[in-house]
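Coordinates in review
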Amino acid sequence: MADILSTGISGLRAFQRALDVTSHNIANVSTPGYSRQRVEMQTRDAERYGSGFLGTGVDVATISRRYDDLLASQMRGATSSSSRLDLYASKAQVLNGLFSDSSTGISASLQRFTNAVQGVSNEPTSTAARQVMLSEAQGLAQRLKTYDGRLEDMAAEINTRLATEAATVSTIADSIARLNSQIVTAQSAGQPPNDLLDARDQQLAALSEHLNVQVLRQDDGSLNVFVGNGQSLVLGNQAAKLVTQRDALDPTRVSIAYQAGGTTSDMTASLGGGSLGGLLDFRRELLDPVRNQLGQIAVAVATTVNSQQREGMDLQGALGTDLFSLGPVGVLPAAGNTGSATISVTRTSIAALTTNDYILEYSGSAWSARRADTGAPVALSGAGTVGSPFVADGLSFVMGGTPAAGDAFKITPTSGAIRGR
C-alpha cells in the first residue's frame, strides 16, 4: 500500500545504491579498462485508487556502463594499426642503421674496392697496387658477410618473436573464453556483470595490440572473436590456439598456424595488424627483399670481377683465376613432397636476375613457377632437361627424378650467394 513512509524509504534506498556506485566509480578512477557505471532508476508500479493511480516510489532498474560498442571497435582497430606501425618502424630503423653509415656502409666498401681496381688499372705492374686491391676485395667480402650474418640474426629474432606472439595471443584467447563463461552465468540472473564485462573488454584491447580481430556479440552476453580470414579464435567458452611451426618450404623460418579441434593449418598469409602482423610484414616487405638485394649485389660484383679476372694474366703470365666465390642457388624441397624429384638451378644471366624467390610446383602433368612473395605466375621456357632446361629470370632449371602431384620447391637465387665467400 502506498504511503509517504514507504515511498520515502524507496527513494533513500535507491539513492543509497547510487552513492554506492559513485563510490565504486571514484575508487576505480585509475583502474585500467574501468568503465564508469551509473544507476538507472525507474518508478515503482502505481496503485489504483478510486480517484486514480497513486505512485509508490522508485526502484533501481539496473546499473549500466558508460560504454559504446562502436567506439570500442574503432579503438581496437586504431590500437592494432598503431602497434603494427610502431614495431614495423622500429625494425626498419634498425635495418636502415645497418646500411646507412657513410664510412662503413656497403656503398663505401664498394667505392674503396672500385678505387683499388682503378689503381691496378693505372699501374698494372705495381705489387703495392695489387696488394691494395686484394686487401679491399677481402674487406668487401667480409663486409658483405657481416651484413648477411646480421640479417640472418634478425630473421632468427623474428622467429623467436613470432613464437612469443603466438603464445601471448593464445593466452589472451583463453582468458576471454573464461570470462565469456563467467559473464553468461552471471548475466543469467538478468543483470549485466559490469566489472566482468570491463575485464573482457580489456583483454580484447590487449589482443588487438597483437593482431586484427573481429568481434561478434551473442544474445547470451558472450563474444565470439575471429582472426585472419574468419577463423574463430574464441567461440563462447572455447578458445583456439595460434602456434608456430617450421615453414613447409623453408626450415630456417617459422610460420603461424591455427590449431583447433585437433587440426593445425597455416594462416600466416591471412594475419595482419598488431605486433604480430608488424613482424610478418617487416619480414615479407623489408627483410627478405634486402637479403635478396644484398645477394644480388654480391652476385653482380663477383660475376663481373671473376669474368674480367679470367680475361687477364698475373705477373708470372699465368691466366687469371676467380677472385670471389659464390654460394649456389638455394633449392628447398617442400616438407610434404612425396616424389623423388630433384632440381638443379644455376644462374645464367646477372642482367636478368631479379631479387625474387620462386616456388616451382608439379601439377601431376607439368611444372609451373610463381613468385614466392606475391604468387604471380612466372613463365618457363624450355623442357626442363639438360639439353633444354627451363629458363626464367636469369636462371636455368634442370629437373630430375620422378615428381608426384603437389610436389614443390622453393628457389632462392641470391640470398645464399654471400655464404659462398
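Attention here is on the structure that accompanies the text.

**Details of the overall build of the protein**
Helices and strands together make up the secondary structure of the protein, namely six helices and 19 strands. For 421 residues, the compact-globule formula gives about 22 Å, and the C-alpha radius of gyration of the protein, at 33 Å, lies well above that figure. With the principal axes as the frame, the protein shows a C-alpha extent of 130 × 55 × 30 Å. The buried share among the 421 residues of the protein stands at 38%.

**Digging into empty space enclosed by the protein**
By the definition in use, this model includes one cavity of 30 Å³ or more. In this model, the largest cavity occupies a volume close to 30 Å³. Lining the largest cavity are Tyr358, Leu360, Ala369, Val378, Leu380, Ala392, Leu395 and Phe397. Listing elements by their share of the lining of the largest cavity, those giving two or more residues are strand 14 (358-362) and strand 18 (395-400).

**Considering the nonpolar core**
Ranked by internal contacts, the top residues of the largest apolar core, which has 54 residues, are Leu162, Leu207, Leu211, Leu242 and Phe324. At the level of elements, helix 2 (69-100), helix 3 (106-122), helix 4 (127-187), helix 5 (194-208), strand 6 (223-227), strand 7 (231-235), strand 10 (250-260) and helix 6 (274-309) are the ones that each hand at least two residues to this core. In contact with Leu162, other than residues within four places in its own chain, are Thr244, Val254, Ile256, Leu276, Leu279, Leu280 and Arg283. Counting 20 residues, the second largest nonpolar core, distinct from the first, contains Val329, Leu353, Trp367 and Ala417.

**Observations regarding the layout of surface pockets**
In this structure, the largest pocket occupies an estimated 710 Å³ of space. What lines the largest pocket is a set of 23 residues, among which Arg253, Arg284, Asp288, Ala372 and Asp373 lie closest to the centre. Every element with two or more residues in the lining of the largest pocket is listed here: strand 10 and helix 6. The biggest single contributor to the lining of the largest pocket is helix 6, with seven residues. Residue composition of the lining of the largest pocket, by class: seven nonpolar, five polar and eleven charged. Approximately 550 Å³ is the volume found for the second largest pocket. Residue lining of the second largest pocket: 16 residues in total, with Val120, Arg130, Met133, Gln309 and Met313 positioned closest to the centre. Those elements giving two or more residues to the lining of the second largest pocket turn out to be helix 3, helix 4 and helix 6.

**Thoughts on the packing of aromatic side chains**
One pass over the full model with this rule turns up five aromatic pairs. Between Trp367 and Phe409 the ring centres are 6.1 Å apart and the planes differ by 50°, which places this aromatic pair in the tilted class. Of this pair, Trp367 sits in strand 15 (residues 367-371) while Phe409 is found in strand 19 (residues 408-412), placing the two residues 42 residues apart along the sequence. Accessibility assignment for this pair places Trp367 and Phe409 in one class, buried.

**Here we look at the side chain of Asp288**
Within the secondary structure layout, Asp288 lies in helix 6. Since its relative accessible area comes to 18%, Asp288 is described here as buried. Other than its neighbours up to four places away in sequence, Asp288 contacts Arg253 and Arg283.

**Examining the packing of helix 2 against helix 5**
Relative to each other, helix 2 and helix 5 sit at 30°, their axes nearing to 8 Å. Taken as axis vectors, helix 2 and helix 5 run roughly parallel relative to one another. Between helix 2, through Arg76, Thr79 and Ser80, and helix 5, the contact on the second element is made entirely by Leu204, Ala205 and Ser208. In the contact of helix 2 with helix 5, the residues fall into two nonpolar, three polar and one charged.

**Comments concerning helix 3**
Given a rise of 1.5 Å per residue, 17 residues ought to cover 24 Å, and the 24 Å separating the end C-alpha atoms of helix 3 matches this to within 8%. All of the buried residues along helix 3 are Ile106, Ala108, Ser109, Phe113, Ala116 and Val120. Those residues of helix 3 that are buried are in contact with helix 2, helix 4 and helix 6.

**Observations regarding helix 5**
Helix length check: helix 5 (15 residues) gives 21 Å between terminal C-alpha atoms against 21 Å at 1.5 Å per residue, within 8%. Those residues of helix 5 that fall on the buried side of the exposure criterion are Asn194, Leu197, Asp198, Arg200, Asp201, Leu204, Leu207 and Ser208.

Parameters and conventions
Residues numbered from 1 in each chain as written. Predicted model: local features only at pLDDT ≥ 70, side-chain atom pairs only at ≥ 80, totals over all residues. Heavy atoms only, no water. Helix = DSSP H or I, 4+ residues; strand = E, 2+ residues; numbered from the N terminus. Rg over C-alpha atoms; globule rule 2.2 N^0.38 Å. Buried < 20%, exposed > 50% of the residue type's maximum accessible area, 1.4 Å probe, protein only. 1 Å grid on protein atoms, 1.4 Å probe; cavity = no way out; pocket = protein on both sides within 12 Å on 5 of 7 lines; lining within 4 Å. Points joined across faces, edges and corners; volume = space filled by probe spheres on them. Core = buried A, V, L, I, M, F, W, Y, C linked by side-chain atoms within 4.5 Å. Contact = heavy atoms within 4.5 Å. Nonpolar A, V, L, I, M, F, W, Y, C, P; charged D, E, K, R; others polar. Phe/Tyr/Trp six-rings, centres within 6.5 Å; stacked < 30°, edge-to-face > 60°. Axes fitted to C-alpha atoms, helices over the stretch in contact; angles between N-to-C directions. Parallel < 35°, antiparallel > 145°, perpendicular 65-115°, else oblique. Expected span 1.5 Å × (residues − 1).

Read these as geometric descriptors, not functional statements.
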